[in-house]
Amino acid sequence: DAMVIQNPRYQVTQFGKPVTLSCSQTLNHNVMYWYQQKSSQAPKLLFHYYDKDFNNEADTPDNFQSRRPNTSFCFLDIRSPGLGDAAMYLCATSRGLGWPSAGGSYEQYFGPGTRLTVT
Amino acid sequence: DQQVKQNSPSLSVQEGRISILNCDYTNSMFDYFLWYKKYPAEGPTFLISISSIKDKNEDGRFTVFLNKSAKHLSLHIVPSQPGDSAVYFCAANSGGSNYKLTFGKGTLLTVNP
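Calculation criteria
Residues numbered from 1 in each chain as written. Chains lettered and ligands numbered in written order. Predicted model: local features only at pLDDT ≥ 70, side-chain atom pairs only at ≥ 80, totals over all residues. Heavy atoms only, no water. Disulfide = S-S within 2.5 Å. Helix = DSSP H or I, 4+ residues; strand = E, 2+ residues; numbered from the N terminus. Buried < 20%, exposed > 50% of the residue type's maximum accessible area, 1.4 Å probe, protein only. 1 Å grid on protein atoms, 1.4 Å probe; cavity = no way out; pocket = protein on both sides within 12 Å on 5 of 7 lines; lining within 4 Å. Points joined across faces, edges and corners; volume = space filled by probe spheres on them. Nonpolar A, V, L, I, M, F, W, Y, C, P; charged D, E, K, R; others polar. Pairing = 2+ DSSP bridges. Core = buried A, V, L, I, M, F, W, Y, C linked by side-chain atoms within 4.5 Å. Contact = heavy atoms within 4.5 Å.

Engineer: Teacher, can you tell me more about the state of the cysteines here?
Structural biologist: Under the criterion given, the structure shown has 2 disulfides over all chains. The disulfide bridge from C23 of chain A ends at C91 of chain A, spanning 1.9 Å between sulfur atoms. Looking along the S-S bond of the C23 of chain A-C91 of chain A disulfide, the torsion reads about -70 degrees, which is the left-handed sense. One end of the pair, C23 of chain A, is in strand 3 (residues 19–25); the other, C91 of chain A, is in strand 9 (residues 87–94), and 68 residues separate them in sequence. The burial state of C23 of chain A is the same as that of C91 of chain A; both residues are buried. A disulfide bridge connects C23 of chain B with C90 of chain B, and the sulfur atoms are separated by 2.0 Å. Negative torsions about the S-S bond denote left-handed disulfides, and the value of about -75 degrees found for C23 of chain B with C90 of chain B makes this one left-handed. On the criterion of sequence distance, the pair formed by C23 of chain B in strand 3 (residues 19–25) and C90 of chain B in strand 9 (residues 86–93) is long-range, its members being 67 residues apart.

Pasting the structure below:
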C-alpha cells in the first residue's frame, strides 16, 4: 500500500540535544510538509517542499531545519530542543500540480506522527 | 489570529442519529475546504472536500455543506456509528499554486452505542 511512514513513532531527547525525525513516502508526491501539533491545537505548518524548493513559514523558529535529499525522504532536524518543542510532529504529502480540474490535488496524506518528549 | 475556527471542542451523539460538525473561516481567499478525521496515535486521514464553486458534496454517509456568504461549512454524518468517534479537523486552502492547508483546532466526536 502506498503510504507515508514516520520514524521513530516515539522519540525522547534531552534538553539541547539535537534530534532528527524522518519521513518517507511511497506515493511519489511532489509536496512534503512538516507540522507541529500540540495537545488540543490545530496542526501548525513548519515548512514544506515542492520538489526541492523549500518554503519556510515566517514564524518557524530557526531551531527547526529540514532536508529533502530525494522525492521519497524528508527530515526534520531540531538543533537544540527546548521543553516547548515537545509535541507531535506530523509529516504529510500531497500531489500538488494545482487545481483538481487541472489534475492537481490539495489533499494531504499524513503519516502516523512522531511524539517528541524533551527531558 | 485563527483563520479557521471550530468553536465546539466536543460533540456527543447517539448511534444512528445525525452528527453535525461546524467550521467557520475568516479568510475570503479560501476556496477549497477539507475535512480530516483523526484517531488517537494516528495521523489525520482525509475524509471529504469541497471547492467554492459547489455548496454541497456527498460521499456515502458524509456530506459537506458550504455557505460562502456566511463563511461557514458543516460536515454531516448520517447515520453516526461508534467507529466515527474521533477528532474531526476542518482545513482550508486558497487554491492555485498555494498548497498549504490552514487547520482548525478540531472537534472531538463521540458516538454512543
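Continuing now.
Engineer: I keep staring at the layout of surface pockets and nothing clicks. Help me out?
Structural biologist: Unfilled space is identified by rolling a water-sized probe across the atoms. Each pocket or cavity is described by its volume, and for the largest pocket that value is around 600 Å³. For the largest pocket, the lining is made up of 25 residues, of which P43, K44 and L45 of chain A together with T102 and F103 of chain B are closest to its centre. Of the residues assigned to the lining of the largest pocket, the class counts are 9 nonpolar, 9 polar and 7 charged. Volume-wise, the second largest pocket comes out at about 480 Å³. In terms of lining residues, the second largest pocket is bounded by 23 residues, among which Q37, S39 and S40 of chain A together with K38 and V87 of chain B are the most central. Those elements that provide at least two residues to the lining of the second largest pocket are strand 9 and strand 11 (107–112) of chain B. When residues in the lining of the second largest pocket are grouped by element, the largest group, 3 residues, is from strand 9 of chain B. Per-class residue counts for the lining of the second largest pocket are 10 nonpolar, 8 polar and 5 charged.

Engineer: In this structure, what is going on with the sheet that holds strand 1 (residues 4–5) of chain B? I would like to understand it.
Structural biologist: Pairing between sheet strands relies on hydrogen bonds along the backbone, with the strands arranged either parallel or antiparallel. Residue and element names in this part refer to chain B. Spatial ordering of the open sheet is given by 1-3-8-7-6, a layout of 5 strands whose pairing is antiparallel. Sheet topology places strand 1 and strand 6 (56–59) at the edges, where each strand pairs with a single neighbour. In this structure, strand 3 lies alongside strand 8 (residues 72–77), joined through 6 bridges in antiparallel fashion. By the bridge assignment, C23 is partnered in strand 8 with L73.

Engineer: For this particular structure, what's the right way to read the nonpolar core?
Structural biologist: In summary, soluble globular proteins display a tendency toward joint burial of nonpolar side chains. The biggest cluster of nonpolar side chains holds 23 residues, and the ones touching the most others in it are F33, W35, L73, L75 and Y88 of chain B. Every element with two or more residues in this core is listed here: strand 3, strand 4 (32–38), strand 5 (45–51), strand 7 (62–67), strand 8, strand 9 and strand 11 of chain B. Ignoring anything within four residues of it in the chain, the contact list for L73 of chain B reads L21, N22, C23, Y25, F33, W35, V64, F65, L66 and C90 of chain B. In terms of nonpolar packing, the next biggest core, distinct from the first, is built from 19 residues, V31 and L90 of chain A together with L34 and F89 of chain B among them.

Limitation: the analysis is restricted to geometry and does not speak to function.
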